[in-house]
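# Topology and contacts: notes
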Amino acid sequence: MKFYGFLYPTTARILFLIVILLTHSSCLFASKNQSGTDQDLLASLLKLEVEGVSLSMPLAEIQTKLQAVGYAQVSHTTFIKEVSLGGGRQSIYRIEIEYTPSADKLGYFRSESGGRNKSPVTQLQLIPEQEAGWANRLYALVCSQVSDENKLLRACEPVSEATIRFGQGNLLSLSSAITTQLAATAGSMSVSIIHHKQ
């Protein structure tokens, strides 16, 4: 009895240590796996092209590409294009791109303005096809292949031809390195990709 009495506490301690080590290893593996997932997501976001440009491109290349499709550079970081919709109204497209020591940022914004007539202007019901392509790719990166819990946390709304949105249209922090935004409708669009450098 004395032998078993002496052995039991030792065995219990060993089993307890094994459980702790296994739990720690599991958490460590999950942490590394999550880190790898974040790195994959970041790499995909940096390559995601909006109006033919992405954060993986040098600024000189971005300037050339945007000017080729009708954008005018109005400041070091901002490019604007205006397209007439008729009836005195116009679509205004704005791209903001910035590289700083702390963060790289790409933003695409479309809105409508103008119009002197008092009658309602007929709006397109669908998101423009080209924009829908970018929006769906960004939505897929943030909202597909993730758990239901993450979909809820990221406020991933059901996609339709008229609305593509997550995060309630606000900036959404996915990790310490990634912030993004998506709110796309026929009348307006906001897309932001921010890489916070560690």
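So, here's what we can say about the structure. Predicted model, so just to flag it, every value in this text is computed and none were measured. Residue numbers restart at each chain and count upward from 1, following the sequence in its written direction. Under the rules for a predicted model, residues below a pLDDT of 70 receive no local features and side-chain atom pairs below 80 are neither given nor counted, while totals for whole chains, interfaces and linings still include all residues. Only hydrogens and water are set aside; all other atoms, that is, all heavy atoms of the structure, feed into the side-chain values.

## Things to note about the pattern of salt bridges
Condition: For salt bridges, the criterion is a side-chain nitrogen of Lys or Arg within 4 Å of an Asp or Glu carboxyl oxygen. Residue burial is assigned from relative accessible area. The probe radius is 1.4 Å, only protein chains are included, and a residue is buried under 20% of its type maximum, exposed over 50%, and partly exposed in between.
All chains considered together, the criterion is met by 6 salt bridges. A salt bridge links R94 to E96; the shortest N-O distance between them is 2.7 Å. Residue classification places E96 among the partly exposed positions, given a relative accessible area of 30%. Across the pair R165 and E157 runs a salt bridge whose closest N-O atoms are separated by 2.8 Å.

## Brief notes about unusual backbone geometry
Spelled out, the test is: Labels follow the DSSP assignment, with helices taken as runs of H or I lasting at least four residues and strands as runs of E lasting at least two, numbered in each case from the N terminus.
In this structure, Q145 takes a positive phi of about 55 degrees despite not being glycine. With respect to the helices, strands and loops of the structure, Q145 is situated in the loop between α3 (129–143) and α4 (148–153). Given the relative accessible area of 83%, Q145 is considered exposed. A positive phi angle, close to 50 degrees, is found at A155, a residue other than glycine. Structurally, A155 can be placed in the loop between α4 and β5 (163–166). Owing to a relative accessible area of 24%, A155 belongs among the partly exposed residues under this scheme.

## Let's talk about the environment of Q90
To be explicit about the condition: Residue contacts are counted whenever heavy atoms from the two residues lie within 4.5 Å of one another.
By the element assignment, Q90 lies in strand β3 (residues 89–99). We classify Q90 as partly exposed; its relative accessible area is 27%. It is 6.3 Å that separates the C-alpha atoms of Q90 and G114, two residues lying 24 residues apart in sequence. Apart from the residues lying within four places of it in its own chain, the contact partners of Q90 are E82, V83, S84, L85, S111, E112 and S113.

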